[in-house]
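Listed below are the residues making up each chain.
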Protein chains: 2
Amino acid sequence: MKEVVVGIDIGGTNTKFGIAALDGKLLFKSSCPTNSDKPISNLFKKILIDIKKYQNEFKITGIGIGAPNANYFTGYIEAPPNLGWGTVDVKKEMGKLISCPVALTNDANAGALGELIFGNGKGINDFIFITLGTGLGSGLIVDGKLVYGHDGFAGEIGHVIVKENGRQCGCGRKGCLETYVSAPGLKRTAYEILSDLNIESSLNKIPYEKVTAKDIYKAAVAGDKIAILTFEKTGEILGKALANSVAYLSPKAIFLFGGLVEAGDLLFKPVIKHMNENMLNIMKNKTKVLPSGLKEGSAAVLGAAALIITELNKK
Amino acid sequence: MKEVVVGIDIGGTNTKFGIAALDGKLLFKSSCPTNSDKPISNLFKKILIDIKKYQNEFKITGIGIGAPNANYFTGYIEAPPNLGWGTVDVKKEMGKLISCPVALTNDANAGALGELIFGNGKGINDFIFITLGTGLGSGLIVDGKLVYGHDGFAGEIGHVIVKENGRQCGCGRKGCLETYVSAPGLKRTAYEILSDLNIESSLNKIPYEKVTAKDIYKAAVAGDKIAILTFEKTGEILGKALANSVAYLSPKAIFLFGGLVEAGDLLFKPVIKHMNENMLNIMKNKTKVLPSGLKEGSAAVLGAAALIITELNKK
């Protein structure tokens, strides 16, 4: 029977899950509401009903789980603000329902492992994976392995403070990178520039709460000055932050993942320019900034699958 | 015959070297002028004459070298500003004179390995080693190993830019951490505060070029307000920078090494306070900031020895 793994990506609203072959081919994919107002066992039972339909075809050798504030070492999810479970022993809860190895980490770390095993990070021993969405998540690959740190929480580049007394962050502090570089960060920058320049822009015609990163992208492509400046500023802030990341880790590549990456050169050009301009001489122009090789729709599940495949390969 | 290693620390002015047992005991220690206006082979020949006096007592199993801009992967020193050799193939030059394994890296990386094997980092898998002297050097230990990055130059926390358009750094850029946190950085901060507050201070009585970090320390201990504020500000800047370091790597400990560390609580208290105040909630109060376990006089040679011992243990 073909050996496979299960990947589960728990999000605040929806949970994606699927069955992946060991070469990263997705054999089955689905999703369901997370419903974190009910016990996590309800969610897991629902997922396993779907998964077990395939148990005559595939041998499930392990389950990988990506989730916010997930701790690789303890197997707990530690009270993330967008999930109602508080702190919960995920490994134990899953272990009550199915007998196979289970591993978990946060979604960005899982994404980094997905990039390493199935994406553009194949064969690259040192890279940084950055996911740009409602926040900025990151996973660090050093010497071919994911960096967990002593407590499982390493790789929080989104919460590096890039500006003292800067923008209010959801984490309670001010000036975190993700308040500038993320989908909401892009929008905040657009309105900062709008309020500064006070000129015509297609963004003026949409209420603040309805403006999306996509609107800003479309406006930029159509030549809207505010939107173009917004991408330049966002790229500048990310580029400068990445110059500092390179001072720490000197990675061969930095992979960007997520909706914002579709902006292409609008984002990448200023990122690369400002990164190299702000880099230490001996490091300049060595680190590539590249789009992730993972596909938006399958990355989360594949990342979780990559996590458990990595664990199984350790044994 | 007892197996030993040789540790060499090449500095801009002087080079320290010695013979170390595999348990970190220094069996012989010396130093000589670096004279980088002459070929590096002259320096190595001089060192080896001293070392070879012991060849009837000890079996030399390898040589570790710490030097500025030293590249672990290539074996080259890459044109550091304070050495006149330009880019030089150190491993090859040493290999012409003695037949044994040779490894090199920069002095701060070597220090981190010294801390890991012989210092307070024993048994700690994830820590950051920071050396505060004329600059700020650092070495990162992740999962029990030194982080080299893809090109051998990882761990340059001293050149993380902490303030946009900040102080002029010797590297040509502005606002690098080491322009604030180092012996010269301390002095620059003292004069910044002096020029701001324009009040009485014992530092007013010494010409700028003669003021040392030690003077500022002594003044602070004697209750001088400017000197006390200088340590507070320096600790604040380092503490905030370390909060960001923890967001990257979530280390169990951060070890501080070098002359400034003798200031004790004057430095450590504000560092620890501001680090924890600026840390992401899930990381707060977990990472310790501690003095290095290495002794000022022997650390450089022991670090270089630790490097080659690490290499020999890989085989």
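Please read all numbers here as calculations on a predicted model, not as lab measurements.

A. Region of interest: the relation of the copies chain A and chain B. It takes a turn of 180° to lay chain A on chain B, together with a shift of 0.0 Å along the axis; the resulting RMSD is 0.0 Å. Here the two chains are linked by the operation of a two-fold rotation axis.

B. Up close: helix α1 (residues 40-52) of chain B. When the terminal C-alpha atoms of α1(B) are compared, their 18 Å separation across 13 residues agrees well with the 18 Å that a helix rising 1.5 Å per residue should span. Within α1(B) the residues assigned to the buried category are B:Ile40, B:Ser41, B:Leu43, B:Phe44, B:Ile47, B:Leu48, B:Asp50 and B:Ile51.

C. Expanded view of unusual backbone geometry. Despite not being glycine, A:Asn285 has its phi angle at roughly 60°, a positive value. Mapping A:Asn285 onto the fold places it in the loop between α7 (265-277) and β12 (288-291). The exposure class of A:Asn285 is exposed, given its relative accessible area of 57%. Its identity is not glycine, yet B:Asn35 carries a phi of approximately 45°, on the positive side. Among the structural elements, B:Asn35 can be located in the loop between β3 (26-33) and α1.

D. Seen up close, the nonpolar core. The biggest cluster of nonpolar side chains holds 105 residues, and the ones touching the most others in it are A:Leu249, A:Leu256, B:Leu249 and B:Leu256. Not counting the four nearest positions on each side in its chain, B:Leu256 is found in contact with B:Ile130, B:Leu238, B:Val261, B:Leu267, B:Phe268, B:Val289, B:Leu290, B:Pro291 and B:Ser292.

E. Quick peek at the pairing of β3(B). Residue and element names in this part refer to chain B. Bridge count between strand β2 (residues 14-21) and β3: seven bridges; the pairing is antiparallel. What sits directly across from Ala-20, in β3, is Leu-26. As consecutive antiparallel partners, β2 and β3 are separated by four residues, and within that stretch Gly-24 has a phi angle of approximately 95°, a positive value.

F. A look at the packing of helix α5 (residues 213-221) of chain A against helix α6 (residues 225-249) of chain A. Residues and elements named next belong to chain A. α6 packs onto α5 with a crossing angle of 115° between their chain directions and a minimal axis gap of 7 Å. It follows that α5 is roughly perpendicular to α6 by the angle criterion. In the packing of α5 onto α6, the handedness of the crossing is left-handed. Along its contact with α5, which presents Ile-216, Tyr-217, Ala-219 and Ala-220, the element α6 presents Ala-227, Ile-228, Thr-230 and Phe-231. Its residues placed into classes, the contact of α5 with α6 shows seven nonpolar, one polar and no charged.

Calculation rules
- Residues numbered from 1 in each chain as written.
- Chains lettered and ligands numbered in written order.
- Predicted model: local features only at pLDDT ≥ 70, side-chain atom pairs only at ≥ 80, totals over all residues.
- Heavy atoms only, no water.
- Least-squares fit on C-alpha atoms with pLDDT ≥ 70 in both.
- Helix = DSSP H or I, 4+ residues; strand = E, 2+ residues; numbered from the N terminus.
- Expected span 1.5 Å × (residues − 1).
- Buried < 20%, exposed > 50% of the residue type's maximum accessible area, 1.4 Å probe, protein only.
- Core = buried A, V, L, I, M, F, W, Y, C linked by side-chain atoms within 4.5 Å.
- Contact = heavy atoms within 4.5 Å.
- Pairing = 2+ DSSP bridges.
- Axes fitted to C-alpha atoms, helices over the stretch in contact; angles between N-to-C directions.
- Parallel < 35°, antiparallel > 145°, perpendicular 65-115°, else oblique.
- Left-handed = near helix turned anticlockwise from the far one by under 90°.
- Nonpolar A, V, L, I, M, F, W, Y, C, P; charged D, E, K, R; others polar.

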